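Given next are the chains, with one letter for each unit.
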Amino acid sequence: MKIGFIGLGNMGGPMAANLARAGHAVRGFDLRAPLPEGVAGAASAADAAAEAEVVITMLPDGAILRAVAAEVIPAMARGAVLCDCSTVDVASARWLHEAGAAAGLGVLDAPVSGGVGGAAAGTLTFMAGGTEAAFATVAPLFEVMGRKAVHCGGAGAGQAAKICNNMILGVTMIATCEAFALADRLGLARQKMFDVVSTSSGQSWSITAYCPAPGVGPQSPADNGYRPGFAADLMLKDLRLSQAAAAGADADTPMGALAAELYRRFVEDEDGAGRDFSAMLPRFEGRSRG
Ligand code: NAD
């Protein structure tokens, strides 16, 4: 397939490289990032998009996505598919669907989970919103870049799934970290805490797959000095997106709101910037009540 790939950063770079390695003709564009192996360079975003059957974007946020899309959409051939894999606000995702459809394009919002490791290994999970036809066109590319792709529904459904999932993740990570810190003060060994909770009703991915306590449970960023992994900054971004979506939909999300505020403090007022999001555990360890 002829693919245009715009945004070749930490995630987009390895995703584009995997598509090229699988034999697709990939033309890439980024303002800064180097060209991945096997990817041909384009002079602009519009140039990367011009002859593509599928254009994939992997960009920092909704405002940048809208600016890039305004350039790319007029350059694309009618019937081609524009697939945005960035994590952006639901409103920008819906805008993209409308702007693309008005130009005769198929559009998908298809954010990912799995992080930089998953992008490099081709094991991402894609959650996609858009038409059946657009999903069917891009499905073989999802197979190359990922292990699983779920067609979640119509416009914006992929972003909705992503931010709901990450709201649960932020809340459960905080709950797991504060419980470990409480267990410390109650004299309960961390290994015993893990042995019980990982097989009891307090269990979640945050403890069984990504345990925030070093030396306990599976290997995780906690065993690597809390180097990300999944940075607290990115968790804050996703929690803010879920709060913006909740405000827009008049949904009551008190735990999500508190998680967003705690990660905001951690990243902006404390030492959380650039650390893994599970570094909430050393944060709670060092704190007292009140
Ligand atoms: P990144 O900053 O490494 O990459 C973004 C790239 O976009 C950069 O290389 C930047 O130069 C490029 N860019 C910005 N404006 C541009 C423009 N106008 N034209 C062309 N290129 C432009 O970020 P990333 O970690 O690759 O994340 C990309 C997206 O994936 C984000 O929306 C992020 O939330 C999401 N995401 C990231 C992870 C992760 O673990 N890093 C996991 C899941 C989802």
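Right above here is the structure, for reference.
Residues numbered from 1 in each chain as written. Predicted model: local features only at pLDDT ≥ 70, side-chain atom pairs only at ≥ 80, totals over all residues. Heavy atoms only, no water.

## Concerning the nonpolar core
Core analysis: the biggest nonpolar cluster contains 34 residues, and Tyr263, Phe277 and Met280 have the highest contact counts within it. Of all the secondary-structure elements, those providing two or more residues to this core are helix H7 (157-185), helix H8 (190-197), helix H10 (232-249), helix H11 (254-269) and helix H12 (280-285). Per-element accounting of this core gives the leading share, 8 residues, to H7. With sequence-adjacent residues up to four places away left out, tyrosine 263 is seen in contact with Gly170, Met173, Ile174, Ala232, Met235, Leu236, Leu239, Phe277 and Met280. Core analysis: the next-biggest nonpolar cluster, separate from the first, contains 29 residues, Val81, Cys85, Val112 and Met145 among them. (Core = buried A, V, L, I, M, F, W, Y, C linked by side-chain atoms within 4.5 Å. Buried < 20%, exposed > 50% of the residue type's maximum accessible area, 1.4 Å probe, protein only. Helix = DSSP H or I, 4+ residues; strand = E, 2+ residues; numbered from the N terminus. Contact = heavy atoms within 4.5 Å.)

## Details of the site of the ligand
For the ligand, the set of nearby residues contains 23 residues, the closest of which are Asn10, Met11, Asp30, Leu59 and Lys237. A distance of 2.8 Å separates an oxygen atom of the ligand from a polar backbone atom of leucine 59. A total of 840 Å² of accessible area belongs to the ligand in isolation, and the protein chains cover 86% of it. Of all the secondary structure elements, the ones that give two or more residues to the shell around the ligand are helix H3 (62-72), helix H5 (115-121) and H10. Of the residues that constitute the shell around the ligand, the class distribution is 13 nonpolar, 6 polar and 4 charged. (Near = heavy atom within 4 Å. Polar contact = N/O pair within 3.5 Å; in protein donor to acceptor, adjacent residues only side chain to side chain. Areas by Shrake-Rupley, 256 points an atom, 1.4 Å probe, with all protein chains shown as cover. Nonpolar A, V, L, I, M, F, W, Y, C, P; charged D, E, K, R; others polar.)

## Topic: the environment of aspartate 89
Mapped onto the fold, aspartate 89 is located in the loop between strand E5 (81-84) and helix H4 (90-102). Distance from aspartate 89 to threonine 125, taken between C-alpha atoms, is 19 Å for residues 36 residues apart in sequence. Apart from the residues lying within four places of it in its own chain, the contact partners of aspartate 89 are Gly62, Arg66 and Leu241. For aspartate 89, the side chain forms a polar contact with the main-chain nitrogen of serine 92, separated by 2.8 Å.

## As for the packing of H10 against H11
Angle between the axes and distance between the axes: these two values describe a pair of packed helices. Packing of H10 against H11 leaves a shortest axis separation of 9 Å and a crossing angle of 145 degrees. In this structure, the crossing between H10 and H11 has a hand that is left-handed. Contacts from Ala232, Asp233, Met235, Leu236, Leu239, Arg240 and Gln243 of H10 reach H11 at Gly256, Ala257, Ala259, Ala260, Tyr263, Arg264, Phe266, Val267 and Glu268. Tallied by class, residues from the contact of H10 with H11 come to 10 nonpolar, 2 polar and 4 charged. (Axes fitted to C-alpha atoms, helices over the stretch in contact; angles between N-to-C directions. Left-handed = near helix turned anticlockwise from the far one by under 90°.)

## Remarks on the pattern of salt bridges
Overall, the coordinates contain 11 salt bridges when judged by the stated rule. One salt bridge in this structure joins glutamate 268 and arginine 264, with 3.2 Å as the shortest N-O distance. Placement of the pair is glutamate 268 and arginine 264 together in helix H11, with a separation of 4 residues, close to one helical turn. Exposure remark for glutamate 268: the relative accessible area of 44% places this residue in the partly exposed category. Each of Arg240, Glu261, Arg264, Arg265, Glu268 and Asp269 takes part in a single network of salt bridges with overlapping partners. (Salt bridge = Lys/Arg side-chain N within 4 Å of Asp/Glu carboxyl O.)

## Some words on the side chain of arginine 283
Along the chain, arginine 283 turns up in helix H12. Once residues lying within four places of it in the same chain are set aside, the contact partners of arginine 283 are Leu262, Arg265, Phe266 and Glu270.

## Quick look at unusual backbone geometry
In this structure, the amide linkage connecting proline 228 to the following residue, glycine 229, adopts the cis form with an omega of 15 degrees. If you trace the backbone, glycine 229 turns up in the loop between helix H9 (205-208) and H10. We note that tyrosine 226 has phi near 65 degrees; this positive angle belongs to a residue other than glycine. Using a relative accessible area of 8% as the deciding quantity, one classes tyrosine 226 as buried. Of note, aspartate 250 is a non-glycine position whose phi angle comes to about 55 degrees, a positive value. Inspection of the secondary structure assignment puts aspartate 250 in the loop between H10 and H11.

By themselves these figures say nothing about function.
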